[in-house]
Amino acid sequence: MSAKLMSAYILLLLVSVFFQRTHAVGNAILEVVSDSGQPSTDKYCIQYNDQYQQLPKTLENASPLNLKDLSDIEGCDLNEYRGHQISSHHTLVAVMRGNCSFTLKALIAEAASARAVLVVDYANSSLTPLPGGNKTEYGALNITLAVISWHDYQTIIHSGGQVRVSLYAPSRPRWDANMMFIIFASTLLVMFGGVWAAYSEEQAWKQRSKVRASSIDTEESEEEGLPFTVCGVLIWFAFICTTILLLYFFYDYMVYVFIALFCIVGAHSLYRCLLPLWTRIMPINYDIPLNRLPCFKSKANLGSLILLMPCLTLGIFWAVERHASYAWVLQDILGACFCVYLIQNLRLPSLKIISILLVMLLLYDVFFVFITPLLTSDGESVMVSVATGGKGGSKESLPMVFLIPLFGDSPLYMCRERSYSLLGFGDVIIPGLLVAYNAVCDVRLRRGGIHNGRTLYFIVAVAGYLIGMVLCMVSLMLMESGQPALLYLVPCTLIPTVAMALCRKELGLLYRGHSRISADSQDTVESQVGAGHVQDGRAEEEEDEDENGIRANEHLEEQMNLIS
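A brief structural summary.

Rules used throughout
- Residues numbered from 1 in each chain as written.
- Predicted model: local features only at pLDDT ≥ 70, side-chain atom pairs only at ≥ 80, totals over all residues.
- Heavy atoms only, no water.
- Patch = residues over 30% accessible without salt bridge, like charges linked within 9 Å, V, L, I, M, F, W, Y side chains within 5 Å.
- Areas by Shrake-Rupley, 256 points an atom, 1.4 Å probe, with all protein chains shown as cover.
- Salt bridge = Lys/Arg side-chain N within 4 Å of Asp/Glu carboxyl O.
- Helix = DSSP H or I, 4+ residues; strand = E, 2+ residues; numbered from the N terminus.
- Disulfide = S-S within 2.5 Å.
- Expected span 1.5 Å × (residues − 1).
- Buried < 20%, exposed > 50% of the residue type's maximum accessible area, 1.4 Å probe, protein only.
- Contact = heavy atoms within 4.5 Å.
- Phe/Tyr/Trp six-rings, centres within 6.5 Å; stacked < 30°, edge-to-face > 60°.
- Axes fitted to C-alpha atoms, helices over the stretch in contact; angles between N-to-C directions.
- Parallel < 35°, antiparallel > 145°, perpendicular 65-115°, else oblique.
- Left-handed = near helix turned anticlockwise from the far one by under 90°.
- Nonpolar A, V, L, I, M, F, W, Y, C, P; charged D, E, K, R; others polar.
- Pairing = 2+ DSSP bridges.

## Notes on a nonpolar patch on the surface
Where nonpolar side chains cluster on the molecular surface, the patch consists of Trp-175, Met-180, Phe-184, Leu-466, Val-470, Val-474, Leu-478 and Met-479 and spans about 740 Å² of accessible area. Counting only elements with at least two residues in the nonpolar patch, the list comes to helix H5 (178-214) and helix H13 (456-479). With five residues, the top contributor of residues to the nonpolar patch is H13. Take Phe-184: it is sitting in helix H5.

## Examining the state of the cysteines
For the structure on display, the rule yields one disulfide. Across the disulfide, Cys-76 is cross-linked to Cys-100 (sulfur-sulfur distance 2.0 Å). Negative torsions about the S-S bond denote left-handed disulfides, and the value of about -85° found for Cys-76 with Cys-100 makes this one left-handed. With a gap of 24 residues between them, Cys-76 in the loop between strand S3 (65-69) and strand S4 (91-96) and Cys-100 in the loop between S4 and helix H2 (102-111) connect regions that are remote in the sequence.

## Brief notes about helix H8 (residues 302-320)
In a regular helix each residue adds 1.5 Å, so 19 residues correspond to 27 Å; H8 covers 27 Å between its end C-alpha atoms and thus fits that length. Turning to H8, its buried residues number three or more, namely Gly-303, Ser-304, Leu-305, Leu-307, Cys-311, Gly-315, Trp-318 and Ala-319. Elements that come into contact with the buried residues of H8 comprise helix H7 (251-281), strand S8 (287-288), strand S9 (300-301) and helix H9 (327-345).

## Digging into the packing of aromatic side chains
For the structure on display, the rule yields 12 aromatic pairs. When the ring of Trp-196 is compared with that of Tyr-341, the centres are 6.4 Å apart and the planes differ by 50°; the resulting orientation is tilted. Placement of Trp-196 in helix H5 and of Tyr-341 in helix H9 is noted, with a sequence separation of 145 residues between them. Across this residue pair, the class does not change: Trp-196 and Tyr-341 are buried. Here the aromatic rings of Phe-402 and Phe-425 are separated by 4.8 Å at their centres, their planes lie at 70°, and the arrangement is edge-to-face. Of this pair, Phe-402 sits in strand S10 (residues 401-405) while Phe-425 is found in the loop between strand S11 (420-424) and helix H12 (426-447), placing the two residues 23 residues apart along the sequence. Members of the aromatic cluster, joined through ring pairs, are Phe-262, Trp-318, Phe-338, Phe-402 and Phe-425.

## Some thoughts on the pattern of salt bridges
Scanning all chains against the criterion turns up six salt bridges. One salt bridge in this structure joins Glu-201 and Arg-347, with 4.0 Å as the shortest N-O distance. Separated by 146 residues along the polypeptide, Glu-201 in helix H5 and Arg-347 in the loop between H9 and helix H10 (351-371) bring together distant segments of the chain. Both residues of the pair, Glu-201 and Arg-347, belong to the buried class. Here Arg-446 makes a salt bridge to Glu-202, at a shortest N to O gap of 3.4 Å. One end of the pair, Arg-446, is in helix H12; the other, Glu-202, is in helix H5, and 244 residues separate them in sequence. You can call Arg-446 partly exposed: its relative accessible area is 29%. Looking at Glu-202, the relative accessible area reads 17%, which means it is buried. Connected through salt bridges with shared partners, the residues Glu-201, Arg-347 and Arg-444 form a single ionic network.

## Notes on the environment of Ser-166
On the secondary structure map, Ser-166 appears in strand S7 (residues 164-168). Of the residues examined, Ser-166 reaches a relative accessible area of 2% and is grouped as buried. Between the C-alpha atoms of Ser-166 and Asn-66, which are 100 residues apart in sequence, the distance is 9.0 Å. Ignoring anything within four residues of it in the chain, the contact list for Ser-166 reads Ile-29, Leu-30, Glu-31, Val-33, Leu-59, Ala-62, Ser-63 and Pro-64.

## Here's the deal with the packing of H12 against H13
Relative to each other, H12 and H13 sit at 160°, their axes nearing to 7 Å. When the axes of H12 and H13 are compared, the pair comes out roughly antiparallel. In this structure, H12 meets H13 at a crossing whose hand is left-handed. Taking contact as the criterion, the partners of Asp-427, Val-428, Pro-431, Val-435, Asn-438, Ala-439, Asp-442 and Leu-445 in H12 are, on H13, Leu-456, Tyr-457, Phe-458, Ala-461, Val-462 and Tyr-465. Class assignment for the residues of the contact of H12 with H13 results in 11 nonpolar, one polar and two charged.

## Side note on the pairing of strand S1 (residues 27-33)
The side chains of a regular strand alternate, first on one face of the sheet and then on the other. Within S1, seven of the seven residues are buried, leaving the element largely enclosed by the surrounding structure. Of the two faces of S1, the one lined by Asn-27, Ile-29, Glu-31 and Val-33 and the one lined by Ala-28, Leu-30 and Val-32 are each fully buried. Examined bridge by bridge, S1 and S7 share five bridges and lie antiparallel to one another. Within S7, the residue paired with Glu-31 across the bridge is Ser-166.

See the structure below:
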């Protein structure tokens, strides 16, 4: 892989670690009530901020309100309400979005004696916003504030006659079946990446063995992976801190850079993951001559090129259709390939470097989630602000997360396009790097004869990852808020690995890295070979002594016969 493409991979990886705690919030239900007061099947999803005024949790506890259509005004000035008489305090006024803040619209509507205000989103808006404001504004309102999509509102007002509606916000279920899917799917991705890394190391070991067999003086091949050092990790850490701040202040511009990067890197990852299987199914060995294809500096394999085209097409198709209802499937496929390929390909050199990286990203996660709200003017963390689309108007979201729809039957699930459980790619890749490192160490230790165990460190790391994901989901249910998964995954994978190495007295080997394991393994092999040579020499000497004894006996017998 080229250095530029690998840099794009690492950039997406390190930025993706701050998305794991994001979850869908602010959904409520607007239900049209019939003239008899009975509920109807006309239900609509609205965006609602409970920091202004809280809605009842059930329809039975919600008071029906008369809908007053004022969508021809923006409601930013009390004079706009002149000529629009509000008959009672049980009135929900609907005004258009724009020209002023959500809080100001609500204050003006309250001054006009409205019970609640419904802001109608723009007709061309792709994502209905969550109404928000500063902490000082939250306590100033005594009415309900919500936002509805333009399409849903048009459906309501064209139903005919006087419309009465009820607003309520059902409790979000603590448990959803997709949590089990997230746990096992993420664990499988980590396992697959580790197994692939171990298989690649096994093949590389066999290749090195053949080279040594053909020429004993041949030097060992250079260590695979990137030359990460402590200084390099610190530089990357400073870089991602700078990147997230740039996203915070210039989100509307930076988001398109990351969408383009994910489109390219996701397509390349899909191609790389399918290539081994593709070469077995379609073993096309024809190389296209040079100068036949533009932008190719070397010969291109026809079979690889045939596979690359649909992979690149899928990445571009996702970029074009990223707002469609089915786009989450494409994003998850590209994301899964991105995670697996990076786990297999990004080989960090030692447990020391991995430990530093894991701990620093854990601290980074905690700081930007729990500390930055104390430093920002609106009391919102930098992470949450970026994860929810920034403060601009692009309506775009960064694609470095797995989107898993909720499987339950809560009334809020009708807002399915806004209700996903999210898992950041970093929550799979960052611990996966340790899993892959352990898998490669198992291969080298086993091949070198240092121990005869089978994938001990790999199994420990995978089991730790599974336990960490379970703990994260349990905390999610108990605290009813999104959790930074690295807070649980890093200790559950790193501590068991270190404990196992201490028990087996191999911590020094793992801490110093693959190169030290290879050196010790080579010393072990050479010592075994040397012992074999000594044993062979002794056997040859014993055979020579036996032959000399036989010849002496034969000579003695001949002399005795002559004497006789």
